[in-house]
Amino acid sequence: MYSKMLIKGGNPLSGEVTTQGAKNAALPVIAASLLLKGKRLKIKDVPKLEDIYTMADLLRQLGVEVNHVDHSMILSVPEDLCWETPKALVSKMRASSLVLGPLLARMGKAVLPLPGGCAIGSRPIDLHLKGLVKLGAEVELLHGAVHAKAKELRGTRIYLDFPSVGATENIMMAAVFAKGETVIENAAREPEITNLAEALKLMGCNIEGVGTGIIHIEGTDSLEETEVKIIPDRIEAGTYMVAGAITRGKVKVKNVTLEHIDATLAKLEETGVTVEVEKDAVTVDARDCKMKGVSLKTLPYPGFPTDMQPQFTALLTIAEGTSVIKETIFESRFLHVSELKRMGADIELQGNTAIVNGVPKLKGAEVRATDLRAGAALVLAGLAAEDETVVYGLGHIRRGYEDFQNKLKALGGDVEELPSEEDGSAKW
Ligand SMILES: CC(=O)N[C@H]1[C@@H](OP(=O)(O)OP(=O)(O)OC[C@H]2O[C@@H](n3ccc(=O)[nH]c3=O)[C@H](O)[C@@H]2O)O[C@H](CO)[C@@H](O)[C@@H]1O
Ligand SMILES: C=C(OP(=O)(O)O)C(=O)O
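Residues numbered from 1 in each chain as written. Chains lettered and ligands numbered in written order. Predicted model: local features only at pLDDT ≥ 70, side-chain atom pairs only at ≥ 80, totals over all residues.

Note the threshold: UniProt positions are given in the numbering used here, feature names are shortened, and annotations may be inferred rather than shown by experiment.
The name given to the protein chain in an unreviewed UniProt entry is UDP-N-acetylglucosamine 1-carboxyvinyltransferase, with the source organism recorded as Thermovirga lienii. The record held by UniProt for the protein chain lists under Pathway (unreviewed entry) the comment "Cell wall biogenesis; peptidoglycan biosynthesis." UniProt, in its Subcellular location (unreviewed entry) section for the protein chain, records the words "Cytoplasm".

1. With respect to the overall build of the protein chain
We apply this condition: Elements are defined by DSSP. Helices are runs of H or I of four residues or more, strands are runs of E of two residues or more, and each kind is numbered from the N terminus. A radius of gyration in this sense is built from C-alpha atoms; the matching globule rule multiplies 2.2 Å by the number of residues raised to 0.38. For every residue, the other C-beta atoms within 10 Å of its own C-beta are counted; 20 or more classify it as buried, 12 or fewer as exposed, and values in between as partly exposed. C-beta atoms are placed from the backbone. Our contact criterion uses C-beta atoms placed from the backbone: two residues qualify when those atoms are within 7 Å.
Scanning the protein chain from terminus to terminus reveals 14 helices and 23 strands. Taking 428 residues into account, the globule formula puts the C-alpha radius of gyration at 22 Å, and the protein chain, at 22 Å, falls close to it. Principal axes of the C-alpha set define a box for the protein chain whose edges measure 65 × 45 × 40 Å. Across the 428 residues of the protein chain, 51% fall into the buried class. Restricting the contact set of the protein chain to residue pairs at least 6 apart, pairs at least 24 apart contribute 73%.

2. Comments concerning the sheet that holds strand β17 (residues 296-297)
Test applied: Pairing between strands requires that DSSP locate at least two bridges from one strand to the other.
Taken together, four strands build an open sheet; the order of strands is β17-β18-β20-β19 and the sheet is mixed. Each edge of the open sheet is held by one strand with a lone partner, namely β17 and β19 (346-350). Alignment of β19 against strand β20 (residues 353-357), held across five bridges, turns out to be antiparallel. The residue of β20 that forms the bridge with D346 is N357.

3. Thoughts on the nonpolar core
Where we set the bar: Structurally, a nonpolar core is described as a collection of buried Ala, Val, Leu, Ile, Met, Phe, Trp, Tyr and Cys residues joined by way of C-beta atoms within 7 Å.
Ranked by size, the top nonpolar core spans 74 residues in total, and within it A26, V29, I30, L104 and M172 carry the most contacts. Per element, the largest residue contribution to this core is seven residues, and it comes from helix α1 (residues 23-32). Residues M5, L268, A319 and L383 belong to the second largest nonpolar core, which totals 65 residues.

4. What to know about the site of ligand 2
We apply this condition: For each residue, a C-beta atom is placed from the backbone, and the residue counts as near a molecule or strand when that atom lies within 6 Å of it. In this document the domain limits rely on a domain assignment from an automatic tool or a database.
Taken together, the neighbourhood of ligand 2 is formed by N24, R94, A95, C118, D307, L372, R373 and G400. Both of domain 1 (2-20 + 232-420) and domain 2 (23-229) provide at least three residues apiece to the shell around ligand 2.

5. Focus on the domain arrangement of the protein chain
The condition that has to hold: Each residue receives one of three labels: charged for Asp, Glu, Lys and Arg, nonpolar for Ala, Val, Leu, Ile, Met, Phe, Trp, Tyr, Cys and Pro, and polar for the others, Gly being one of them.
Assigned domains within the protein chain: domain 1 (2-20 + 232-420) and domain 2 (23-229). Taken residue by residue, the interface counts 18 residues in domain 1 and 16 residues in domain 2. Residues of the side of domain 1 that touches domain 2, tallied by class, amount to five nonpolar, five polar and eight charged.

6. Observations concerning the sheet that holds strand β6 (residues 109-113)
Condition: Axes here mean lines fitted to C-alpha atoms, for a helix over just the part in contact, with angles spanning 0 to 180 degrees between N-to-C directions.
The three strands lie next to each other as β6-β8-β7, forming an open sheet whose pairing is antiparallel. Strands with a single pairing partner mark the edges of an open sheet, and in this sheet they are β6 and β7 (138-142). Neighbouring strand axes in the sheet, compared pairwise and without regard to direction, differ in orientation by 15 degrees on average. In the sheet, β7 pairs with strand β8 (residues 145-149) via five bridges, with the strands oriented antiparallel. Its bridge partner being in β8, L142 is matched across the sheet by A145. Sheet strands touched by helix α4 (residues 100-107): β6 and β8. Its angle to β6, the strand with the most contacts, is close to 155 degrees.

7. Comments concerning the site of ligand 1
Residues in contact with ligand 1 amount to 22 residues; listed here are only the nearest, N24, L127, S164, V165 and G166. Looking at which domains feed residues into the shell around ligand 1, each of domain 1 (2-20 + 232-420) and domain 2 (23-229) gives three or more.

8. Comments concerning helix α2 (residues 50-62)
Rules: Residue count minus one, scaled by 1.5 Å, sets the expected span of a helix.
Helix length check: α2, at 13 residues, gives a terminal C-alpha distance of 19 Å against a target of 18 Å (1.5 Å per residue), a fit within 8%. Where the residues of α2 are buried, they touch α1, β4 (65-69), β5 (72-77) and α3 (87-90). Within two residues after α2, G63 carries a phi angle of roughly 115 degrees, on the positive side.

9. Digging into unusual backbone geometry
Backbone torsion omega between Y301 and P302 reads 10 degrees, so that peptide bond is classified as cis. Along the polypeptide, P302 turns up in the loop between β17 and α10 (309-316). A positive phi angle, near 65 degrees, is found at D45, a position not held by glycine. Mapped onto the elements, D45 comes out in the loop between β3 (39-44) and α2.

10. A look at the UniProt feature "binding site: phosphoenolpyruvate" (unreviewed entry) in the protein chain
Here, the residues flagged by UniProt with the feature "binding site: phosphoenolpyruvate" (unreviewed entry) are K23 and N24. Mapping K23 onto the fold places it in helix α1. Excluding anything up to four places from it in sequence, K23 contacts P47, L49, D51, I52, D233 and G400. As for its placement among the helices and strands, N24 is situated in helix α1.

11. Considering helix α5 (residues 126-134)
L127, H128, L129, G131 and L132 are the residues of α5 that are buried. In the core, the buried residues of α5 are packed alongside α4, β7, β8, β9 (157-159) and α6 (165-174). Positive phi shows up at G136, right after α5, with a value of about 110 degrees.

12. Quick word on the UniProt feature "active site" (unreviewed entry) in the protein chain
In the numbering used here, UniProt assigns the feature "active site" (unreviewed entry) to C118. Apart from residues lying up to four places away in sequence, C118 is in contact with R94, R123 and D371.

13. Overview of the packing of α5 against α6
To be explicit about the condition: When an angle is under 35 degrees it counts as roughly parallel; over 145 it counts as roughly antiparallel; between 65 and 115 it counts as roughly perpendicular; any other value is oblique. Crossing handedness is read from the near helix: turned anticlockwise from the far helix by less than a right angle, it gives a left-handed crossing, and turned clockwise, a right-handed one.
Contact geometry for α5 and α6: axes closest at 8 Å, N-to-C directions at 25 degrees. Classed by the angle they form, the pair α5 and α6 counts as roughly parallel. In this structure, the crossing between α5 and α6 has a hand that is right-handed. In this structure, α5 contributes L127, H128, G131 and L132 to the contact, and α6 contributes G166, A167, N170, I171 and A174.

14. Thoughts on the packing of α6 against helix α7 (residues 191-203)
Contact geometry of α6 with α7 gives a least axis separation of 10 Å together with a crossing angle of 10 degrees. Viewed along their axes, α6 and α7 adopt a mutual orientation that is roughly parallel. For the pair α6 and α7, contact is made by V165, T168, E169 and M172 and by E192, I193, L196, A197 and L200, respectively. Classifying every residue of the contact of α6 with α7 by side-chain character gives six nonpolar, one polar and two charged.

As structure tokens, then:
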């Protein structure tokens, strides 16, 4: 059974909402527990999300005992681990590839069915594999699965052709038990990587330079039990800020790390909405605001995050004038555009650029979420649109937003999740 969300648009959202722990930080930290041997990792502020449950199931299959109670997770890792990852779980979630590095480091071998692409792009893992080979692993592709093995990993210099988030994380984890020093150059600088590095440091790893683009990891022999806290989800926070702005409401988002959302805040302010910041909260006030179009380009952190691009595209459909949105991270992250056009948006796609001409109002329609953030963007558009919108494919949204319906309802959104016989794809 699928599910859909019915949205009666038009209510300006108002009130406070608290951000969950970051999905994209929790996933690699959970994978990092595999580096422990006969020890436990306790993680605080783990969001309750489908992707987290998938990662927990994957670790269970590898032999880890996982207890996820409320927002805490305790992972008890046995002396020996299974090193073959099941296709059913890996194909469900690309982030499953993050177990490759730690499994190789701990067990000297790993088998991972190639995760494949998704609606936003082809998403190869060649950079992950190149890094592992440089560390001394033998990597083969057999019957659609990566088979990696290494008697011993050796520290080395690894230059990433692109600052890939996943490749940086996988290589960092693989390098933990390598002999000598590993240096990752052109490493990704996302805050989620810093959170993973903090977890590894707390376990006893020696890591320097995280956040600078050049990461140094000194190999070690064994790690310790520890407890780590997940950072607030900057993308969830940004999504609720846009919810306030697009409905011309006033929303306070609590539990944010301001320096992680600089790019999002700067672009929101540029549209003309009022943004007030406190130590760990942001209030977006768009009441009586004449919002104007802005141009933006997605970039690796600290640039504007690709994971906020669909939500901003929705916002800019009803901002005055023309906005130019350039997506440089994923090759096909514009599937929400055709859905927004069904709602009356005026958007022209030219390759990786969307040219958005603001319209006064969006109109409710039946639309389909094709991925997580596209789904969030359509819900935001529905909240601002006249009449009723139905968003199909809520499964995508559940991957990344905890309690989305209730958080929106608490802000005054007229939304309701309902079971659906279909995912919406048969409609158009
Ligand atoms: C679970 C998680 O943290 N997901 C995030 C992570 O995804 P993910 O780790 O997959 O993103 P990457 O930074 O690796 O990918 C960015 C680009 O590099 C390409 N690439 C990546 C690896 C590789 O080996 N070869 C290659 O060509 C990808 O296809 C993509 O076009 O960072 C993205 C970019 O901020 C975010 O949108 C995702 O939400
Ligand atoms: C693209 C995303 O996640 P993933 O990399 O897990 O697909 C996202 O969180 O927006």
